Amino acid sequence: SRALTNGVITSTPGSCPIKGRKVFAIGQSVDSKVFNRKSRLDTPIKNLIHIGRFDPSKNIEEIIAGVKNLRDTYPALKLNIIGSPSSEKFQDHMELVKSKFLADVQLGWLTFKPGIERRKIPDELKKNDCFIHAFQGSLDKTLVEATLTAIPVATINNEYIKTFGKWNLIDSVNSISLVSELEYLLNLDSNTITKEVDRRHEIARRDHDSEGWVNRLVNVLDQN
């Protein structure tokens with residue numbers, strides 16, 4: 001429909017398959033009053049959380065394997081996976097991943113929970129020390145939500161890194177791994193983490209808060 005319209009409104013450039021002057025990226029529209037910031041940073045980081053669809057594209061197996069690898073050095077790490085498959089065809093994938101890491105669930109450091117109501121997500125995020133994520137695609141809304149709650153986010157999502165930055169300042173974006181990103185974060189002092197979390201929080205408020213989203217939408221409509 002691009003040729004027949006004045007423009008295409010999208011959340012982020014990565015979420016739209018076309019480029020050009022007709023594409024207007026206006027952010028993710030997350031209510032910062034609902035996804036408000038956690039009162040304080042909990043360090044050392046021990047409790048990791050992932051919230052999202054239990055689909056192959058979310059690379060949940062990679063997340064679990066990465067944390068399991070790091071537990072050799074950081075045995076206090078725990079991982080809470082919250083999410084359900086988006087369709088029946090991904091049910092077998094979820095069951096396969098769960099069975100592969102059954103021993104780790106029995107050891108107590110890994111937990112699986114089904115998807116939760118959206119209104120419960122902010123509190124669930126704030127119960128944990130870090131949001132971990134491995135989807136390679138457009139900017140997941142869950143990344144913005146976690147950033148607005150002011151907990152550290154460890155991800156290899158290129159669009160998030162392009163906008164918010166990364167913890168591992170040594171490896172390039174193309175060579176960075178989830179393990180290296182999380183390990184780099186785990187070795188930082190609390191003051192450095194707090195400053196970076198605050199910086200990312202301000203970017204999320206500026207570019208993705210629902211109030212600003214409405215204003216940007218109105219501006220696009222007025223100009224076109």
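Now for a description of the structure that goes with this document.

The rules behind these values
Residues numbered from 1 in each chain as written. Predicted model: local features only at pLDDT ≥ 70, side-chain atom pairs only at ≥ 80, totals over all residues. Heavy atoms only, no water. Core = buried A, V, L, I, M, F, W, Y, C linked by side-chain atoms within 4.5 Å. Buried < 20%, exposed > 50% of the residue type's maximum accessible area, 1.4 Å probe, protein only. Helix = DSSP H or I, 4+ residues; strand = E, 2+ residues; numbered from the N terminus. Phe/Tyr/Trp six-rings, centres within 6.5 Å; stacked < 30°, edge-to-face > 60°. Axes fitted to C-alpha atoms, helices over the stretch in contact; angles between N-to-C directions. Parallel < 35°, antiparallel > 145°, perpendicular 65-115°, else oblique. Left-handed = near helix turned anticlockwise from the far one by under 90°. Contact = heavy atoms within 4.5 Å. Nonpolar A, V, L, I, M, F, W, Y, C, P; charged D, E, K, R; others polar. Polar contact = N/O pair within 3.5 Å; in protein donor to acceptor, adjacent residues only side chain to side chain.

Judged by nonpolar contacts, the single largest core of 33 residues is most densely connected at Leu48, Ile64, Leu79 and Leu182. Counting only elements with at least two residues in this core, the list comes to helix H1 (60-70), strand E4 (78-82), helix H2 (91-100), strand E5 (110-113), strand E6 (130-133), helix H7 (178-186) and helix H8 (190-208). Element by element, the count of residues in this core is highest for H1, at 5 residues. Of all hydrophobic cores here, the second largest spans 19 residues; its members include Val30, Ile51, Leu139 and Ala146.

Now for the packing of aromatic side chains. Counted by the stated rule, this structure contains 2 aromatic pairs. When the ring of Phe54 is compared with that of Phe112, the centres are 6.1 Å apart and the planes differ by 40°; the resulting orientation is tilted. In this pair, Phe54 is assigned in the loop between strand E3 (47-51) and H1 and Phe112 in strand E5, connecting sequence segments 58 residues apart. A residue is classified by how much of its surface remains accessible, and Phe112, at 19% relative accessible area, is buried. Judged by centre distance (4.5 Å) and plane angle (20°), the ring pair of Tyr160 and Phe164 falls under stacked. Here Tyr160 pairs with Phe164, and both are found in helix H6 (residues 158-164), just 4 residues apart, close to one helical turn.

Turning our eyes to something else, we now look at the packing of helix H5 (residues 141-148) against H8. Relative orientation of the contacting elements H5 and H8 amounts to 125°, with a least axis distance of 8 Å. When the axis of H5 is compared with that of H8, the two are oblique. Our pair here, H5 against H8, has a crossing hand that is left-handed. Counting all contacts with H5, which are made through Val144, Thr147 and Leu148, the residues of H8 involved are Arg200, His201, Ala204, Arg205 and His208. Per-class residue counts for the contact of H5 with H8 are 3 nonpolar, 3 polar and 2 charged.

On to the side chain of Asp55. Tracing the backbone through its elements, the reader meets Asp55 in the loop between E3 and H1. Take Asp55: its relative accessible area is 4%, and that puts it in the buried class. Only 2.6 Å separates the side chain of Asp55 from the side chain of Ser86, close enough to count as a polar contact. When near neighbours in sequence (up to four residues on either side) are disregarded, Asp55 contacts Pro85, Ser86, Phe90 and His93.

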